[in-house]
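Listed below are the residues making up each chain.
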Amino acid sequence: SSLVLTQHRIMVVRDGASFRPKSGVRPFDLGPALSIRIGPGRRRVIVESGSSTVNLFVRSEQLAQAEAFVAEVRRRIYQGT
């Protein structure tokens, strides 16, 4: 899976498992309803908005990029961009 950051959204893009939407894309609008964080044990990114929650697992070599991504999303949320 991949996380994509645009001007107004983040998107989770996945390929595979049948329980996911056919397109494999889950968009989340940037705004005060969005929560994103590094999960317990620093092994996943958790994205929450309303009643929707997505967990993305992170390999140790990806952790620095995941932390930078989370920080940038939070910056944009709090700036209202």
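Check the entry above for the structure.
What you see is a predicted model; the values in this text were computed from it and never measured.

**Considerations on the side chain of Arg76**
Positionally, Arg76 belongs in helix α1 (residues 63–79). Since its relative accessible area comes to 19%, Arg76 is described here as buried. At a separation of 3.0 Å, a polar atom in the side chain of Arg76 contacts the main-chain carbonyl oxygen of Thr6. Within the local environment of Arg76, its side chain forms a polar contact with the side chain of Glu72, the two groups lying 2.8 Å apart.

**Focus: the sheet that holds strand β6 (residues 52–57)**
Across the sheet, which stays open at both edges, the 3 strands sit in the order β4-β5-β6 with antiparallel pairing between neighbours. Across the chains shown, the open sheet's two edge strands, defined by having one partner strand only, are β4 (34–38) and β6. If you compare each strand with its neighbour and ignore which way they point, the axes differ by 10° on average. Against the sheet, α1 contacts β4 and β5 (44–49), and its axis sits at roughly 155° relative to β4.

**Describing the pattern of salt bridges**
In this structure the tally under the stated criterion is 6 salt bridges. Two residues, Glu67 and Arg42, come together in a salt bridge whose shortest N-O distance is 1.7 Å. With Glu67 in helix α1 and Arg42 in the loop between β4 and β5, this residue pair connects regions lying 25 residues apart in the sequence. Between Glu61 and Arg59 there is a salt bridge, with its nearest N and O atoms 2.8 Å apart.

The rules behind each value
Residues numbered from 1 in each chain as written. Predicted model: local features only at pLDDT ≥ 70, side-chain atom pairs only at ≥ 80, totals over all residues. Heavy atoms only, no water. Helix = DSSP H or I, 4+ residues; strand = E, 2+ residues; numbered from the N terminus. Buried < 20%, exposed > 50% of the residue type's maximum accessible area, 1.4 Å probe, protein only. Polar contact = N/O pair within 3.5 Å; in protein donor to acceptor, adjacent residues only side chain to side chain. Pairing = 2+ DSSP bridges. Axes fitted to C-alpha atoms, helices over the stretch in contact; angles between N-to-C directions. Contact = heavy atoms within 4.5 Å. Salt bridge = Lys/Arg side-chain N within 4 Å of Asp/Glu carboxyl O.

None of this, on its own, says anything about what the molecule does.
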